[in-house]
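In case you want the letters, here they are:
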Amino acid sequence: MALTLLCVTFVLGLLLGMPVVFAIGLSSLVTVFYEGLPIAVVFQRMAAGMNVFAFLTIPFFIFTGELMMYGGIADRIIRASKAMVGHVRGGLGMTNVVACTMFGGVSGSPVADVSAMGSALIPLMKREGIEADYAVNVTTYSSLVGALMPTSHNMIIYSLAAGGTVSMSSLIMAGAVPAAMLTVANIVAAYMVAVARRYPSGQFPGWEEVWRSLATALPGLFIMVIIVGGILSGVFTAAEAGAVAVAYALLLTIFVYRSLTVEAFLKAAAKAAKTTGVVLLLVGISTMFGYLMSLYGVAEMAGDALSSISTTPWVIFLLVNLALFIFGIFLDMAAHILVCTPIFLPIVMHYGMSPVQFGIIVLLNCTIGLNTPPVGAAFYLGCAIGEVSVGKVVRSIWPFMLALWVTLLIVTLVPETSMFVHDLLQ
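It should be emphasised that the depicted structure is a prediction, and the values quoted were computed from it without experimental measurement. (Residues numbered from 1 in each chain as written. Predicted model: local features only at pLDDT ≥ 70, side-chain atom pairs only at ≥ 80, totals over all residues. Heavy atoms only, no water.)

Draft legend 1. Representation of the overall build of the chain in the model. Each helix and strand counted, the chain has 21 helices and zero strands in total. For 426 residues, the compact-globule formula gives about 22 Å, and the C-alpha radius of gyration of the chain, at 21 Å, lands near that figure. Over its C-alpha atoms, taken along the principal directions, the chain stretches across nearly 70 × 45 × 45 Å. Here the chain, with 426 residues, has 57% of them falling under the buried criterion. Pairs at least 24 residues apart make up 79% of the contacts formed inside the chain by residues separated by at least 6 positions. Within the structure as shown, the chain displays about 17,300 Å² of accessible surface, and the carbon and sulfur contribution to it stands at 70%. If the 16 positive side-chain charges of the chain are averaged to one point and the 17 negative ones to another, these points end up 13 Å apart. (Helix = DSSP H or I, 4+ residues; strand = E, 2+ residues; numbered from the N terminus. Rg over C-alpha atoms; globule rule 2.2 N^0.38 Å. Buried < 20%, exposed > 50% of the residue type's maximum accessible area, 1.4 Å probe, protein only. Contact = heavy atoms within 4.5 Å. Areas by Shrake-Rupley, 256 points an atom, 1.4 Å probe, with all protein chains shown as cover. Lys, Arg positive; Asp, Glu negative; His and termini not counted. Charge placed at Lys NZ, Arg CZ, Asp CG, Glu CD.)

Draft legend 2. Up close: the packing of helix H10 (residues 168-196) against helix H20 (residues 398-413). For the pair H10 and H20, interaxial distance at closest approach is 9 Å and the crossing angle is 150°. The angle between H10 and H20 places the two elements in the roughly antiparallel class. Helix-helix and strand crossings are classified by hand; for H10 and H20 the assignment is right-handed. Contacts between H10 and H20 involve Pro178, Met181, Leu182, Ala185, Asn186, Ala189, Ala190 and Val193 from the first element and Pro399, Phe400, Ala403, Leu404, Thr407, Ile410 and Val411 from the second. (Axes fitted to C-alpha atoms, helices over the stretch in contact; angles between N-to-C directions. Parallel < 35°, antiparallel > 145°, perpendicular 65-115°, else oblique. Left-handed = near helix turned anticlockwise from the far one by under 90°.)

Draft legend 3. Structural view of the pattern of salt bridges. Overall, the coordinates contain seven salt bridges when judged by the stated rule. Its salt-bridge partner being Glu387, residue Lys126 comes within 3.9 Å of it at the nearest N-O pair. Linking Lys126 in helix H7 (residues 110-127) with Glu387 in the loop between helix H18 (377-386) and helix H19 (390-395), this pair joins segments that are 261 residues apart in sequence. Residue classification places Lys126 among the partly exposed positions, given a relative accessible area of 32%. In this structure, the salt-bridge partner of Lys267 is Glu263, at a minimum N-O distance of 3.7 Å. Of this pair, Lys267 and Glu263 both sit in helix H13 (residues 262-295), four residues apart, which is roughly one turn of the helix. Here Lys267 falls in the partly exposed class, since its relative accessible area comes to 43%. On the basis of relative accessibility, which here comes to 53%, the residue Glu263 falls in the exposed class. When salt bridges that share partners are traced, they join Arg79, Glu208, Glu209 and Arg212 into one network. (Salt bridge = Lys/Arg side-chain N within 4 Å of Asp/Glu carboxyl O.)

Draft legend 4. Structural context of the environment of Ser28. If you trace the backbone, Ser28 turns up in helix H2 (residues 20-35). In sequence terms Ser28 and Phe10 are 18 residues apart; their C-alpha atoms lie 8.3 Å from each other. Once residues lying within four places of it in the same chain are set aside, the contact partners of Ser28 are Leu6, Met288, Phe289 and Leu292. In this structure the side chain of Ser28 is engaged in a polar contact, spanning 2.9 Å, whose partner is the backbone oxygen of Ile24. (Polar contact = N/O pair within 3.5 Å; in protein donor to acceptor, adjacent residues only side chain to side chain.)

Draft legend 5. Inspection of the nonpolar core at higher detail. Residues Ile77, Tyr134, Tyr158 and Phe358 are the most contacted members of the largest nonpolar core, which totals 150 residues. Ranked by the residues each element gives to this core, the list is headed by helix H16 (residues 333-350), at 12 residues. If near-sequence neighbours (up to four positions away) are discounted, Tyr158 is found in contact with Val166, Leu171, Ile337, Thr341, Leu345, Pro355, Phe358, Gly359 and Val362. (Core = buried A, V, L, I, M, F, W, Y, C linked by side-chain atoms within 4.5 Å.)

Draft legend 6. Here's a closer look at the side chain of Thr101. When you line up the elements, Thr101 lands in helix H6 (residues 91-107). What makes Thr101 buried here is its relative accessible area of 12%. In this structure, Thr101 is in contact with Ser142, Val145, Met149 and Thr183, ignoring residues within four places of it in sequence.

Draft legend 7. Highlighting the packing of aromatic side chains. Per the counting criterion, the structure on display carries 11 aromatic pairs. Members of the aromatic cluster, connected to one another through ring pairs, are Tyr134, Tyr141, Tyr199 and Phe400. Of note, Arg76 hangs over the ring of Tyr257, and the distance from its end group to the ring centre comes to 3.8 Å. (Phe/Tyr/Trp six-rings, centres within 6.5 Å; stacked < 30°, edge-to-face > 60°. Lys NZ or Arg CZ within 6 Å of the ring centre and 35° of its normal.)

Next up, the structure:
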């Protein structure tokens, strides 16, 4: 009865349009009161969930991304991307994919990627005669690669949701090939739609412009080298790498690019503080929710339910993906990871999947949720920037959604895609 009450109040809160964090908190409180547990248990679990040293990495990574966004790196990445691929048919779409991928490596946040790249590229594409729905879909789906990049704070959340069994360095290595695959899939989708709609080709600016624009963008992209190199070599912990990344971003944007004003710095700091607060509040409340699910044996019940359908590993993996997709429709990334990982990780490990591979699968499913109503933070932000209706964008979303699903399917059924680099460097 208590488990039914927990699930029903949670789902009811979501259906009523309640923010996810409040739906999780309300369902947990109602269940605690029903069970007669001390209310102090709620606050103790919340405090324990947030009081983790490794979470110090989260504000560092978020702040680094905001500094880069407000410090002008986005404009330099767009210039470099346009010089490289802007001359291809539908070249602005290609530019968008490459630019979003590169900026995703800097920010680690799909939503920040849409905000920075979309604000510049979506209006530009519209001025060039490209339909707004195409511009929005290219931007929002290309930005999803940021969740698999080394600067992604969601990797840290998964690492801790998995009980500390998966290191940040393992996830960085595992995300390399899937991120490249998703980028290629987005390029193919963008090109095919551009050809079908007969978008024009651009002019190649020449190799001199390509090298010049790359040279101006590379110092900003070097942030990935610092984080990856530091963590994988053992020079930095993840938290230390985040602190170094913030220092580097400040030095770069203030003294090299000279584009970070006092006003922009304050905006970046305020945005980073707000985002960090939201993430940590979700972490704390989801910890209580996860405790209750563990108390009632939800993972065991889910495993038994899936086993009653099939005991074939690939069938179980596909069913888990389906469940993750459904959860992703209603939960944002942090809540999705924190709620689903304790339930499904023991199941997939029982059937032979590595927790590292599962981490990439969870992150990919989370990105689907970012572009799927009713939550769909990246989706709605892109529509707002493009000044286009949700319905129009949804009608033309399928080539890009298919690219993401194909990538997810390959990562699920072919372990080598996520484990090759990891196993090679271990």
